[in-house]
Amino acid sequence: MTEPQLTQHELEDLSAWMDRELTGESADRVAHKVRTDPAWQRELRRLESVDRALDHWTVPSAPDGLAERIVQASRRQRGPASPVLSWVRWVVPPAAAAAVLLVGMLVGPFAAPPKPSPGPSQVSSARPGSPSQPPPAAVDKLVAENLDFFEQYDVVSNLDLLEAIGRQERSPQGS
Amino acid sequence: MLRFQDGDREAFEELIRRNTHKVHALVYRFLGDPQQVEDLTQEVFLRVYRTVRSYKPRAKFSTWLYRIVANLCFNVLRSRKKGRPVSLETIAGEDGESYHREVEDEHSDGPGAGLDEQELQQVIAEAIEQLPENQRIAIVLNKFENKSYEEISEVLRCSTMAVKSLLSRARGNLRDALGRYIRPD
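What counts, and at which threshold
- Residues numbered from 1 in each chain as written.
- Chains lettered and ligands numbered in written order.
- Predicted model: local features only at pLDDT ≥ 70, side-chain atom pairs only at ≥ 80, totals over all residues.
- Heavy atoms only, no water.
- Helix = DSSP H or I, 4+ residues; strand = E, 2+ residues; numbered from the N terminus.
- Buried < 20%, exposed > 50% of the residue type's maximum accessible area, 1.4 Å probe, protein only.
- Contact = heavy atoms within 4.5 Å.
- Areas by Shrake-Rupley, 256 points an atom, 1.4 Å probe, with all protein chains shown as cover.
- Lys, Arg positive; Asp, Glu negative; His and termini not counted.
- Salt bridge = Lys/Arg side-chain N within 4 Å of Asp/Glu carboxyl O.
- Core = buried A, V, L, I, M, F, W, Y, C linked by side-chain atoms within 4.5 Å.
- pLDDT = per-residue confidence, 0-100.
- Buried area = accessible area lost by both parts, 1.4 Å probe.
- Polar contact = N/O pair within 3.5 Å; in protein donor to acceptor, adjacent residues only side chain to side chain.
- Nonpolar A, V, L, I, M, F, W, Y, C, P; charged D, E, K, R; others polar.
- Patch = residues over 30% accessible without salt bridge, like charges linked within 9 Å, V, L, I, M, F, W, Y side chains within 5 Å.

Peer 1: Go over the overall build of chain A with me, naming the residues and quoting the values.
Peer 2: Per the secondary structure count, chain A includes 8 helices and 0 strands. The order of α-helices and β-strands along chain A, N terminus first, is α-α-α-α-α-α-α-α. Here chain A holds 175 residues, and 26% of them are scored as buried. For chain A, the share of sequence-separated contacts (at least 6 apart) that also reach a separation of at least 24 residues comes to 54%. Counting every atom, chain A has about 12,400 Å² of accessible surface; 60% of that belongs to carbon and sulfur.

Encoded structure:
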């Protein structure tokens with residue numbers, strides 16, 4: 001016949017009770033179990049024997065002179081790290097990157113003068129992927145300004161023409 | 001510690017002399033390997049030296065020191081584990097941690113069955129070494145440093161409920177590992 005086992009939760013309570021870490025009702029409940037329940041008594045005896053066995057585990061004392069060797073090693077150290085300096089070390093690189101990005105965003109729009117809006121005849125040269133490809137925002141603006149043209153422009157029937165323009169743009173004398 | 005924070009070097013050297021034995025014993029129990037204990041004991045104090053300015057007086061110095069010891073030992077234990085083959089008798093616990101379970105020998109004569117003191121120490125050291133790192137650190141702090149669950153939770157940066165669970169599992173694993181060598185009264 002197998003002995004009744006305590007659940008994990010009950011074992012945790014028993015272990016904490018042994019360490020005098022339970023208080024109030026919880027402590028009273030475990031104390032009652034330990035007085036009256038053979039399974040709890042058996043488990044308590046086992047755990048107490050483990051604790052007693054651990055008392056046999058002694059460790060050698062630190063070798064003579066270890067403290068002095070550590071003192072000497074500490075004297076060879078540079079001064080303690082300042083928390084402010086270590087904070088600066090972590091913050092400076094991201095801050096520099098953010099500053100460069102910010103300057104780029106502020107200066108970017110003024111770096112090149114805005115081009116006049118191209119007419120419908122220039123639209124084909126604004127194809128994405130062409131060497132003279134304008135930034136996406138400019139393409140959107142171009143499309144918005146020439147909406148009537150684009151609504152009626154039949155790309156499929158003009159495919160040959162568009163490809164020819166593309167080939168011309170890619171050739172060395174393309175422009 | 002506060003004097004050292006204010007730049008008093010002698011205070012730090014006094015702190016080393018006072019705590020070397022305690023840290024040495026703690027590292028020894030955490031690692032169980034005499035080879036690395038001296039180096040790691042030294043490293044603990046050098047770490048204290050380098051990070052002294054991050055110490056906040058609201059934390060007990062001993063808790064802060066134990067946390068440094070535990071962190072360094074965790075690193076060593078983890079790097080050791082990576083290079084160590086897993087024993088066939090190592091099984092997974094409910095919490096995903098693995099531990100070594102001794103196969104109980106019902107025909108054994110029980111405790112200390114023929115073991116002298118040195119052998120018993122060896123058996124205990126091996127049983128402790130088989131515990132998952134956080135269980136090992138929790139049981140060492142509880143049993144040998146008499147730390148409360150609250151203080152252990154600060155060292156391990158977990159809740160007191162987690163400490164309660166860790167210690168219970170550690171005791172259960174030790175009971176299984178040492179069952180054939182120790183006899184309940």
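Peer 1: Tell me about the side chain of Arg136 of chain B, and name the residues and values.
Peer 2: Residues and elements named next belong to chain B. Position of Arg136 among the secondary structure elements: in helix 6 (residues 133–143). Buried charge without a partner: Arg136 forms no salt bridge, and the closest opposite charge is Glu129, 5.5 Å away. Ignoring any residue separated from it by four or fewer positions in sequence, one finds Arg136 in contact with Arg29, Phe30, Leu31, Leu77, Ile128, Glu129 and Leu131.

Peer 1: Any details on the pattern of salt bridges? Residues and values, ideally.
Peer 2: Between side chains of opposite charge, a pair can form as their charged atoms come close. Under the definition given, this model contains 18 salt bridges over all chains. The closest approach of N and O atoms between Arg18 of chain B and Glu14 of chain B, which form a salt bridge, is 3.4 Å. Taken as a pair, Arg18 of chain B and Glu14 of chain B lie in helix 2 (residues 9–31) at a separation of 4 residues, close to a single helical turn. Under the relative-accessibility criterion, Glu14 of chain B is labelled partly exposed at 35%. For Glu145 of chain B, the salt bridge identified is with Lys22 of chain B, shortest N-O distance 3.9 Å. Within this pair, whereas Glu145 of chain B is found in the loop between helix 6 and helix 7 (149–156), its partner Lys22 of chain B is found in helix 2, the two being separated by 123 residues in sequence. Where salt bridges share partners, they join Glu43 and Arg46 of chain A together with Arg175 and Asp176 of chain B into one cluster.

Peer 1: Any chance you could break down the nonpolar core for me, citing the residues and the numbers?
Peer 2: Counting 74 residues, the largest nonpolar core has Phe30, Ile139 and Leu174 of chain B as the members making the most contacts within it. No other element matches helix 4 (residues 61–82) of chain B, which puts 12 residues into this core. Ignoring any residue separated from it by four or fewer positions in sequence, one finds Leu174 of chain B in contact with Val50 and Leu54 of chain A together with Ala127, Ile128, Leu131, Ile139 and Gly179 of chain B.

Peer 1: Outline the confidence of the model for chain B, supporting the account with residue identities and numerical values.
Peer 2: Residue and element names in this part refer to chain B. For chain B, the mean per-residue pLDDT works out to 79, and 76% of the residues sit at or above 70. Here residues 85–111 is modelled with pLDDT under 50, and outside its nearest four sequence neighbours on either side it reaches 45 contacts, counting other chains as well. Interface confidence in the predicted complex, given as ipTM, is 0.75; pTM for the same model is 0.63.

Peer 1: Pulling in residues and values, what's your account of unusual backbone geometry?
Peer 2: Phi angles above zero are rare outside glycine, and Arg20 of chain A is one such case at about 55°. Mapped onto the secondary structure, Arg20 of chain A falls in the loop between helix 1 (8–18) and helix 2 (24–36). Arg20 of chain A gets classed as exposed once you look at its relative accessible area, which sits at 76%. For Asn146 of chain B, which is not a glycine, the phi torsion comes out positive at approximately 55°. When you line up the elements, Asn146 of chain B lands in the loop between helix 6 and helix 7.

Peer 1: Help me get a handle on the interface of chain A and chain B, residues and values and all.
Peer 2: Residue-level contacts link 45 residues of chain A with 47 residues of chain B. Of the roughly 4,400 Å² buried between chain A and chain B, counting both surfaces, carbon and sulfur atoms make up 61%. At the junction of chain A with chain B, the criterion picks out 8 salt bridges. In this structure, Arg175 of chain B and Glu43 of chain A form a salt bridge, with 2.5 Å as the shortest nitrogen-oxygen distance. Applying the counting rule to chain A against chain B returns 17 residue pairs in polar contact (both at pLDDT 80 or more). For the side of chain A that touches chain B, the secondary-structure elements that each account for two or more residues are helix 1, helix 3 (38–54) and helix 4 (66–75) of chain A. Ranked by residues supplied to the side of chain A that touches chain B, first place goes to helix 3 of chain A with 10 residues. Residue classes in the side of chain A that touches chain B are distributed as 21 nonpolar, 10 polar and 14 charged.

Peer 1: Now, about a nonpolar patch on the surface: what can you tell me, with residues and values included?
Peer 2: Together, Leu102, Val103, Leu106 and Val107 of chain A line one region of the surface with nonpolar side chains, adding up to about 380 Å² of accessible area. On the secondary structure map, Val107 of chain A appears in helix 5 (residues 83–111).

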